[in-house]
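# Close look at the chain arrangement
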Amino acid sequence: MSPHLAGATHRLVPTPGGRIHLVEQGSGPLVLLVHGFPESWYSWRRQLPALASAGYRAVAVDVRGYGRSAAPEDPAAYRMLDLVEDNVAVVHALGERSAVIVGHDWGATIAADSALVRPDVFRAVGLLSVPYLPRGGPRPSEVFAGMGGDEEFYVAYFQEPGRAEAEIEPDVRGWLAGFYAALSADTMPGPGAPDPHFVGPGGTLRDRFPAGRLPGWLGAEDLDFYAGEFERTGLRGALARYRSMDRDWEDLARFDGAPITQPSLFAGGALDASTTWLAEAIAAYPVTLPGLLSCHVLDGCGHWIQQERPDEVNRLLTDWLASLPT
């Protein structure tokens, strides 16, 4: 599918941290779509026309540090509260006072925190792949550093500036192809294979990626688009999100244990580690997401849920949106 969607409009809008690039389609109540790592607005290419056809103003952003959005040099500029304010600024720049926000992967956490911090702006929240887990517990860097024994969890691997960039940037297209394949239902490593979420001693993440086959949802043109964006920008801005987790833990201390009370949706893949590892977080939704209206774990689906299962996710989203109070 071409990145130039028929009927969609590309715009740059001002925010306190610099301009945000967005792609907009349709008219009606605003639905803001927030992507994860390592993606872009293009992750929502199947949702934009479906939401527009269902009577919504669908807007997919490039998160700060990605694509054609601003990419500040200061690592501290990627803290969660700044990304929340980017989302608020986008809503206002579009002439709206409120929006439904939907996120995938890191975008799910950004969407959840946007709803938590600014309930006056975000009236409902949809989370794909990564469950809501209230702030709490030890400092995140300490938790991730202690995972894996002799191996290194990928979040810890991403912490040192320049380290992951040195692995990825010499062959962005090849690395992305392997990363997407590693977490897709039809190409992920089988049971008993080394876990691609961990790095072996002296190794790289890429050592454990599948090679030679793209997942079914990812065409060569799609991969070209993603690769072209990161070849142009580098990975510094995208990886800055992982390097801001301790700042977020400090900034959000006043929300320790707080539930999100707005109407909500969760959908994850049954084969996605983000869903299985956080099964207890999903089980806690009656307390942590008391406004939950729709919760689904899709059999045979991996991490890239809205791209692996676009028709099913579109139906879940439009049914949920139609159920929201006006």
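Here goes a summary of the coordinates provided. (Residues numbered from 1 in each chain as written. Predicted model: local features only at pLDDT ≥ 70, side-chain atom pairs only at ≥ 80, totals over all residues. Heavy atoms only, no water.)

### Let's talk about the nonpolar core
- Core analysis: the biggest nonpolar cluster contains 103 residues, and Phe37, Val102, Phe122, Leu127, Phe158 and Leu176 have the highest contact counts within it.
- For valine 102, the residues in contact, after removing those within four places along its chain, are Val31, Leu32, Leu33, Val34, Trp44, Ala111, Gly126, Leu128, Leu317 and Trp320. (Core = buried A, V, L, I, M, F, W, Y, C linked by side-chain atoms within 4.5 Å. Buried < 20%, exposed > 50% of the residue type's maximum accessible area, 1.4 Å probe, protein only. Contact = heavy atoms within 4.5 Å.)

### Describing unusual backbone geometry
- Residue proline 38 is reached from phenylalanine 37 by a cis peptide bond, and omega for that bond is -10°.
- You can see proline 38 is positioned in the loop between strand S3 (30-34) and helix H1 (47-53).
- Notably, aspartate 105 is not glycine yet its phi reads approximately 60°, a positive angle.
- You can call aspartate 105 buried: its relative accessible area is 9%.
- Despite not being glycine, serine 129 shows a phi value in the positive range, around 80°.
- Mapped onto the elements, serine 129 comes out in the loop between strand S6 (122-128) and helix H4 (140-145). (Helix = DSSP H or I, 4+ residues; strand = E, 2+ residues; numbered from the N terminus.)

### Some remarks on the sheet that holds strand S2 (residues 20-25)
- Reading across the sheet, the eight strands line up as S1-S2-S4-S3-S5-S6-S9-S10 and stay open at both edges, with mixed pairing between neighbours. At either margin of the open sheet sits one strand with a lone partner, and together these are strand S1 (9-13) and strand S10 (292-298). For this sheet, the mean angle separating the axes of adjacent strands, direction not counted, is 20°.
- Relative to the sheet, helix H2 (residues 80-93) contacts S1, S2, S3, strand S4 (57-61), strand S5 (99-104) and S6, its axis offset from that of S3 by approximately 145°.
- Where helix H3 (residues 106-117) meets the sheet, its contacts fall on S3, S5 and S6, and the angle it forms with S6 comes to roughly 160°. (Pairing = 2+ DSSP bridges. Axes fitted to C-alpha atoms, helices over the stretch in contact; angles between N-to-C directions.)

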